[in-house]
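# Overview (structure and organization)
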Amino acid sequence: MSFQQPHPDAPCLRFPENIGLHANVTIEAAANMLSRATQLSLNAPYSWTFIDKPVEGQVILIFLPNPAQFPNDGIRYQDQETRYALTAPGNREIEVMEIKYGFVPNSQETTAWRLRRRYRLIKGGHPQITLVHYTRGPMIQPVPSLLNSPVRQYPLRQITELPVYVMGEKAGQKAYPQSTGPPTPQGPMGMSPQAMGMNQPGMGMPPQGMPPQAMGMNPQGIGMTPQAMLAQQNSNMESLERRRERERVRERSGSMGAQRTGPPRLDDDDSADEFDMISTRTLAITRYKRNHELMEEVFKKAAFGALVTPPPRPPAYSIFDRVELESMAAKLQQEVELLQAQAAERIARRSAAEDVIVASGHTPMEVSA
């Protein structure tokens, strides 16, 4: 049996907010969350982190430049990853990649029960944004020789890379912190303990960041119908968007107040404010109309303006001198006639010589001999 080999140990780009623990993720919920994540990723930088030994029910949203290469997650799988595509509501197509029979080496796990599913929209979304769900699947006994064979080297290196924007006008740019402070304690996956969707013992505080319901799924996945889960997802995602909008307004107000005083001026250029005021569809239609109006101003003059008649082209033979050509032709004719006369003279001499030989009674062979 051939097992899937883990990819090189390297950090990946992860959505900055915590999604929490979920017992089950439906196709519709995964498609809706990926669609919302596409909008939120326009202004949210992704953080570099390691995925390491995720707990059961963990849901992670990451950005994969190459979806075929999934980063090492600290789990050894005794299976090959399968891939299939499904149709999601809203004329969307989602690809599901599943791998079973995983276990954590050098741990208390004696059976390979871990299952990993990852989802990405290949139609109707961004194909490089991937939703990963770790859950429990069918179990088998691990291969004894692999029980104590780790899939990566520990300890993991400390990550110092800055977050990066993966979409929008800032794609590829680093997100520099506005202020420095003490580093946040890092968990096993490069995130704070609260970002794992669990509270620290004795802290008595809820997890920080995005609430688990913000992506439209019940934290326990039990006791809710699909319609109720979808309604809860839409409500919580809208709340998250409103909270982000208020934060952006406060940031812009602070930066504008430090630079100038007086009433704010409305800019006419294409800024990130357009994404906050109108929807993506309305923005696309407005830009489409404006671009066509600009093109009409250019091509209208080209089609109906004053046409400039180009000067007539000179004939192709105007580069030659007729007198010179006639003199060269006459000279060439004289040379031809001279050659013809010389050829006729040689033929006459040869004929006369042959007549003399025949008259003397000798054959041409005897004479030449």
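My aim in this report is to walk through the structure given alongside it, one point at a time. (Residues numbered from 1 in each chain as written. Predicted model: local features only at pLDDT ≥ 70, side-chain atom pairs only at ≥ 80, totals over all residues. Heavy atoms only, no water.)

This paragraph deals with the overall build of the chain. A tally of regular secondary structure across the chain gives 6 helices and 8 strands. In the chain, the succession of α and β elements from N to C terminus is β-α-β-β-β-β-β-β-β-α-α-α-α-α. By residue count, 30% of the 369 residues in the chain fall in the buried class. Sequence separation of 24 or more characterises 69% of the internal contacts of the chain that already satisfy a separation of 6 or more. A total accessible area of about 23800 Å² is found for the chain, and carbon and sulfur atoms account for 57% of it. (Helix = DSSP H or I, 4+ residues; strand = E, 2+ residues; numbered from the N terminus. Buried < 20%, exposed > 50% of the residue type's maximum accessible area, 1.4 Å probe, protein only. Contact = heavy atoms within 4.5 Å. Areas by Shrake-Rupley, 256 points an atom, 1.4 Å probe, with all protein chains shown as cover.)

A full pass over the atoms with the stated rule returns 14 salt bridges. For the salt bridge of D73 with R116, the shortest nitrogen-to-oxygen distance reads 3.1 Å. One end of the pair, D73, is in the loop between strand 3 (59-63) and strand 4 (76-77); the other, R116, is in strand 7 (residues 112-123), and 43 residues separate them in sequence. Classification of D73 as buried rests on a relative accessible area of 2%. Overall, the relative accessible area of 4% leaves R116 in the buried class. In this structure, the salt-bridge partner of R349 is E345, at a minimum N-O distance of 3.0 Å. With R349 and E345 both in helix 5 (residues 322-359) and 4 residues apart, this pair spans about one turn of that helix. Looking at E345, the relative accessible area reads 47%, which means it is partly exposed. What you see here is one network of salt bridges that share partners, running through D73, E81, R116 and R118. (Salt bridge = Lys/Arg side-chain N within 4 Å of Asp/Glu carboxyl O.)

Inside soluble globular proteins, nonpolar side chains tend to come together where they are buried. Within the largest apolar cluster, 27 residues are counted, with the highest numbers of intra-cluster contacts made by L34, Y46, L61, I94, Y119, I129 and L131. Elements with a contribution of two residues or more to this core: helix 1 (27-40), strand 3, strand 6 (92-103), strand 7, strand 8 (129-140) and helix 2 (226-259). Among the elements that make up this core, the one with the highest residue count is helix 1 (6 residues). With residues near it in sequence (within four places) discarded, L34 still touches L61, I94, Y119, R120, L121, I129, T130 and L131. (Core = buried A, V, L, I, M, F, W, Y, C linked by side-chain atoms within 4.5 Å.)

What follows concerns the packing of aromatic side chains. Under the criterion given, the structure shown has 2 aromatic pairs. Seen in terms of ring centroids, Y46 and F63 are 6.4 Å apart; in terms of plane orientation they differ by 70 degrees. Their pairing is edge-to-face. With Y46 in the loop between helix 1 and strand 2 (47-49) and F63 in strand 3, the pair connects residues that are 17 residues apart, well separated along the chain. For the pair shown, Y46 and F63 are each scored as buried. Just above the ring of Y154 sits the side chain of K53; from NZ or CZ to the centre is 4.6 Å. One Lys or Arg, R136, reaches over the ring of W113 and ends 4.0 Å from the middle of that ring. (Phe/Tyr/Trp six-rings, centres within 6.5 Å; stacked < 30°, edge-to-face > 60°. Lys NZ or Arg CZ within 6 Å of the ring centre and 35° of its normal.)

For R118, the position within the fold is in strand 7. A polar side-chain atom of R118 sits 3.0 Å from a polar atom in the side chain of E81. The residues touching R118, leaving out its near neighbours within four places in the chain, are L64, P67, A68, F70, E81, E95, V96, M97, T130, L131 and V132. (Polar contact = N/O pair within 3.5 Å; in protein donor to acceptor, adjacent residues only side chain to side chain.)

Attention now moves to helix 5. Working note: α-helix, 3.6 residues per turn, so residues spaced by three or four point in the same direction. Helix length check: helix 5 (38 residues) gives 55 Å between terminal C-alpha atoms against 56 Å at 1.5 Å per residue, within 8%. Two or three places before V323, at the opening of helix 5, D321 has a side-chain oxygen 3.4 Å from that residue's backbone nitrogen. (Expected span 1.5 Å × (residues − 1).)

Let's shift gears to helix 1. For helix 1, with 14 residues, the first-to-last C-alpha span of 20 Å sits near the 20 Å given by 1.5 Å per residue. Here helix 1 lies mainly inside the structure; 11 of its 14 residues are buried. Residues of helix 1 that are buried: A29, A30, A31, N32, M33, L34, S35, R36, A37, T38 and L40.

Before going further, it helps to examine the pairing of strand 3. Within strand 3, 5 of the 5 residues are buried, leaving the element largely enclosed by the surrounding structure. Here strand 3 shows two buried faces, one formed by V59, L61 and F63 and the other by I60 and I62. In this sheet, strand 3 lies alongside strand 1 (residues 12-14) in antiparallel orientation, the contact comprising 2 bridges. Of the residues in strand 3, the one forming a bridge with R14 is I62. Pairing of strand 3 with strand 8, which is carried by 5 bridges, proceeds in the antiparallel orientation. (Pairing = 2+ DSSP bridges.)

Turning our attention to the pairing of strand 8. One ladder, built from 7 bridges, connects strand 7 with strand 8; its direction is antiparallel. From the neighbouring strand, R118 faces strand 8, where its bridge partner is V132. In this antiparallel pair of consecutive strands, strand 7 and strand 8, the connection spans 5 residues, and G124 shows a positive phi of 95 degrees.

Between Y154 and P155 the backbone carries a cis peptide bond, its omega angle lying at 0 degrees. Locating P155 in the fold gives a position in the loop between strand 8 and helix 2. Positive phi, close to 55 degrees, is recorded for N91, a residue that is not glycine. Checked against the element boundaries, N91 lands in the loop between strand 5 (82-88) and strand 6.

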